[in-house]
Amino acid sequence: METVIARTQSEVDTNEAVRSAVSALQSGEVVALPTETVYGLAADAFSPAAVEKIFAAKDRPSFDPLIVHVHHKDAIRDVAEIPEEIKKAVVQLIETFWPGPLTLVLPKKPAVSKAVTGGLDTVAVRQCDHPVFHRIIRNFGGPLAAPSANLFGRMSPTSAQAVMDQLEGRIPLIIDGGACSRGLESTILKIEPGEKKPLFTVLRPGPITEVELKKFGKVVFAERNAEVEDSSPEAPGMLENHYAPNKPLRLLTSPGDFSPENGKRYALLSYRGQAKDGYLESYEWDHISVLSPGSGRVAEAGTRFFHVLRQLDAMEEIDEIISEPMPDRGVGKALLEKLKKAAVKG
Ligand code: AMP
Ligand code: MG
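All of the points below concern the structure found in this document. Given the structure is predicted, the values throughout are model-derived calculations rather than measurements. (Residues numbered from 1 in each chain as written. Chains lettered and ligands numbered in written order. Predicted model: local features only at pLDDT ≥ 70, side-chain atom pairs only at ≥ 80, totals over all residues. Heavy atoms only, no water.)

## Examining the packing of helix α1 (residues 11-26) against helix α6 (residues 131-140)
Working note: a packed helix pair is described by the angle between its axes plus the distance between those axes. Look at α1 against α6: their axes get within 9 Å of each other, and the N-to-C directions meet at 45°. Between α1 and α6, the crossing angle belongs to the class labelled oblique. In this structure, α1 meets α6 at a crossing whose hand is right-handed. From α1, Glu11, Thr14, Asn15, Val18, Ala21, Val22, Leu25 and Gln26 reach across to α6, where they touch Arg135, Ile136, Asn139 and Phe140. (Axes fitted to C-alpha atoms, helices over the stretch in contact; angles between N-to-C directions. Helix = DSSP H or I, 4+ residues; strand = E, 2+ residues; numbered from the N terminus. Parallel < 35°, antiparallel > 145°, perpendicular 65-115°, else oblique. Left-handed = near helix turned anticlockwise from the far one by under 90°. Contact = heavy atoms within 4.5 Å.)

Below is the structure:
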């Protein structure tokens, strides 16, 4: 199958791209779409046959559930049940963070097939904040299932070309909406009734952080249990080797941790590129990439994360990626988690 990239630089191009995307989605096809987090691979959430094509294109195991995107806030009720005890918190979260990178896990409505939810009785739902995605889903007029547009277990794409590199020949159409502004997958939050406040379990850390969420409920982070998760993952974004570059990656916990092997060429993935952190001068690196040049802001590091990892992966003169640890707070939590998983392979 030929894979076409449709551009959206001009108004004329955008109109044409939106038309082609909507018509492909209506005829049960999959289309890669830009979002503010990472590129998504979308299909009609109410068509099991279309949803099946997402799994096939990604080589994704059928137990790994998809995120459902809604075309407006109220449409959450078309796909999810909102129990009375948590209604207030859900409304507050939606009013505060939607459209945006917060995915809510709630009991599913019968209309959502188990093909979408990987057999679970819950559904993960969000409203995306990207102008081109917004026009496409509004014209489509119903929910779209859309996980990240990468092959299963590989890095999430943050540009149309990165989608092309992984899915060329497997999908008919990619809509190019530029580089993703957040660059990291959404925060996934399971919401349940709690004792005093509703209980929010962060199943996947992301751009919306604990500090922002705790105004509305009690926030806990899901414990990782690799053995259980690998057979029946609650948030299978948590599977081992997720987000992995092709090259081996090692995650350091301190500058003295690193022991080079003879003849290998190493790149340092640095958080803020400052000598005082102790990593820059701890070895004669063959290359250094800085995630947040100068200022050391985790949000900036988050936006650049997959882009920089892809660059390192493509460098012929580098054999292995050595990463500094990221701060275990805010968006840094998401980076640290991704690095830990990528590092399993190395
Ligand atoms: P992706 O967009 O490719 O990162 O995939 C969506 C991710 O959302 C899955 O891998 C899961 O981690 C998560 N997810 C989707 N549906 C559910 C659900 N019902 N319960 C828990 N996690 C979910
Ligand atoms: Mg993914």
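## Description of the environment of Tyr39
Mapping Tyr39 onto the fold places it in the loop between β2 (31-33) and β3 (40-44). Relative accessible area serves as the criterion here: at 0%, Tyr39 is assigned to the buried category. Sequence spacing of Tyr39 and Ala179 is 140 residues, and the spatial spacing of their C-alpha atoms is 9.0 Å. For Tyr39, the side chain forms a polar contact with the main-chain nitrogen of Gly177, separated by 3.0 Å. (Buried < 20%, exposed > 50% of the residue type's maximum accessible area, 1.4 Å probe, protein only. Polar contact = N/O pair within 3.5 Å; in protein donor to acceptor, adjacent residues only side chain to side chain.)

## Some words on the sheet that holds strand β11 (residues 218-221)
With mixed pairing, the 11 strands of this open sheet are ordered in space as β1-β8-β2-β3-β7-β4-β6-β5-β9-β10-β11. Strand pairing shows two members of the sheet lacking a second neighbour, β1 (4-6) and β11, which therefore form its edges. Taken together, the two bridges between β3 and strand β7 (residues 144-145) define a ladder with antiparallel strand orientation. Bridge pairing links Asp44 to Leu144 in β7. Seen against the sheet, helix α2 (residues 48-58) touches β3 and β7 and runs at an angle of roughly 155° to β3. Contacting β5 (102-107), β9 (187-192) and β10 (199-204), helix α4 (residues 87-97) runs over the sheet at an angle of about 155° to β5. (Pairing = 2+ DSSP bridges.)

## Here we look at the pattern of salt bridges
For side chains bearing opposite charge, pairing can occur when the charged atoms are close. This model, assessed by the stated rule, comprises 20 salt bridges. Measuring nitrogen to oxygen at the nearest pair gives 3.6 Å for the salt bridge that ties Lys264 to Glu261. Here Lys264 falls in the partly exposed class, since its relative accessible area comes to 28%. For the salt bridge of Lys333 with Asp328, the shortest nitrogen-to-oxygen distance reads 3.3 Å. Owing to a relative accessible area of 52%, Asp328 belongs among the exposed residues under this scheme. Several salt bridges share partner residues, and in doing so they unite Arg250, Glu261, Lys264 and Glu320 into one network. (Salt bridge = Lys/Arg side-chain N within 4 Å of Asp/Glu carboxyl O.)

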